[in-house]
Amino acid sequence: MNLSLAIAPFCIGVAYLLGAIPTGYLAGKWLKGIDIRDYGSRSTGATNVLRTLGKKAGITVLLFDALKGVAAILFFKLLYTHPEWIDFPANYDQYWLTMAVAIAAVLGHSKSIFIGFNGGKSVATSIGVLLIMAPWVALGTIVTFAAAITLTQIVSLSSISGAIAVMLLMIVLQQPLPYILFGAIAGIYVIVRHRSNIQRIIAGTEPKIGAKATN
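In short, a report on the structure. (Residues numbered from 1 in each chain as written. Predicted model: local features only at pLDDT ≥ 70, side-chain atom pairs only at ≥ 80, totals over all residues. Heavy atoms only, no water.)

Points about the packing of helix H4 (residues 55-80) against helix H6 (residues 123-133)
Next up, step 1: Between H4 and H6, the least distance of the axes is 7 Å, while the angle of their chain directions is 40°. What the angle tells us is that H4 and H6 run oblique. Crossing geometry of H4 relative to H6 is assigned as right-handed. The segment H4 lies against H6, with Leu62, Asp65, Ala66, Lys68, Gly69, Val70, Ile73, Leu74 and Lys77 engaging Ala124, Thr125, Gly128, Val129, Leu131, Ile132 and Met133. (Axes fitted to C-alpha atoms, helices over the stretch in contact; angles between N-to-C directions. Helix = DSSP H or I, 4+ residues; strand = E, 2+ residues; numbered from the N terminus. Parallel < 35°, antiparallel > 145°, perpendicular 65-115°, else oblique. Left-handed = near helix turned anticlockwise from the far one by under 90°. Contact = heavy atoms within 4.5 Å.)

As structure tokens, this is what we get:
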């Protein structure tokens with residue numbers, strides 16, 4: 001196979017594998033010798049790590065999960081902008097490929113091949129992706145999340161608010177069509193991943209920041 005034709009699936013595969021690095025799971029194993037999936041929400045995401053392992057671990061996992069998204073997009077852009085390394089076929093559109101790479105990273109985080117296709121809810125990795133794809137959308141999303149968490153003290157509700165903000169900001173800020181589609185796909189996906197949280201929010205039983213996880 002011509003190497004240039006294989007570069008797109010290669011970049012998508014690398015993005016998935018970066019997203020699939022199970023940082024929350026590894027934190028549980030390294031710090032306490034536990035499987036984080038046996039505690040709290042059973043998620044490997046930063047919120048469950050925060051409740052189970054503490055603030056430092058939660059913040060560290062949050063940052064690393066975001067960096068996975070950053071790394072996935074940067075890796076693709078680095079290759080795409082250096083044709084002297086490898087020349088992408090002329091019909092390979094940068095925006096559509098960026099969307100595919102971004103989706104792969106987000107999916108990798110929540111469906112990690114390394115831990116039986118389990119994972120987190122893809123919020124932090126989505127933010128990492130957006131920081132490179134559409135920085136102003138990322139900033140607006142972070143501001144929305146921060147405002148919601150200040151008002152409600154509920155991480156899941158704030159994450160859902162951020163997901164809705166991504167979908168709206170992609171349109172308001174007139175991003176390229178592939179980015180708008182990514183915003184819709186990722187936003188809906190994050191909301192769906194929070195369906196159990198939504199049920200608890202409606203029931204008034206969703207824990208707030210500071211609540212401890214139980215097994």
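Side note on helix H3 (residues 46-53)
Next up, step 1: Of all 8 residues that make up H3, 6 are buried, and the element is covered over most of its length.
Next up, step 2: Buried positions along H3 lie against helix H2 (23-32) and H4.
Next up, step 3: Trailing H3 by a residue or two, Gly54 shows a phi angle of about 110°, which is positive. (Buried < 20%, exposed > 50% of the residue type's maximum accessible area, 1.4 Å probe, protein only.)

Quick word on the environment of Ala71
Next up, step 1: Its place among the elements puts Ala71 in helix H4.
Next up, step 2: By relative accessible area, Ala71 is classed as partly exposed at 30%.
Next up, step 3: For the pair formed by Ala71 and Gly128, sequence separation is 57 residues and the distance between their alpha carbons is 8.2 Å.

Digging into unusual backbone geometry
Next up, step 1: Positioned with a positive phi, Ser122 is a non-glycine residue whose angle comes to about 70°.
Next up, step 2: As for its position among the elements, Ser122 is in the loop between helix H5 (94-110) and H6.

Details of the nonpolar core
Next up, step 1: Phe88, Met133, Met170 and Phe182 are the most contacted members of the largest nonpolar core, which has 30 residues in total.
Next up, step 2: If you list the elements that add at least two residues to this core, you get helix H1 (3-20), H4, H5, H6, helix H7 (135-152), helix H8 (155-172) and helix H9 (177-193).
Next up, step 3: In this structure, Ile34, Val49, Ala57 and Val61 belong to the second largest nonpolar core, which totals 8 residues. (Core = buried A, V, L, I, M, F, W, Y, C linked by side-chain atoms within 4.5 Å.)

Re the side chain of Glu206
Next up, step 1: Along the chain, the position of Glu206 falls in the segment after helix H10 (195-203).
Next up, step 2: At 2.7 Å, the side chain of Glu206 and the side chain of Arg200 are in polar contact.
Next up, step 3: For Glu206, the contacting residues outside a window of four places in its chain are Ile154, Ser156, Asn197, Arg200 and Ile201. (Polar contact = N/O pair within 3.5 Å; in protein donor to acceptor, adjacent residues only side chain to side chain.)

Note that every value here comes from positions in space, so none of it alone points to a role or purpose.
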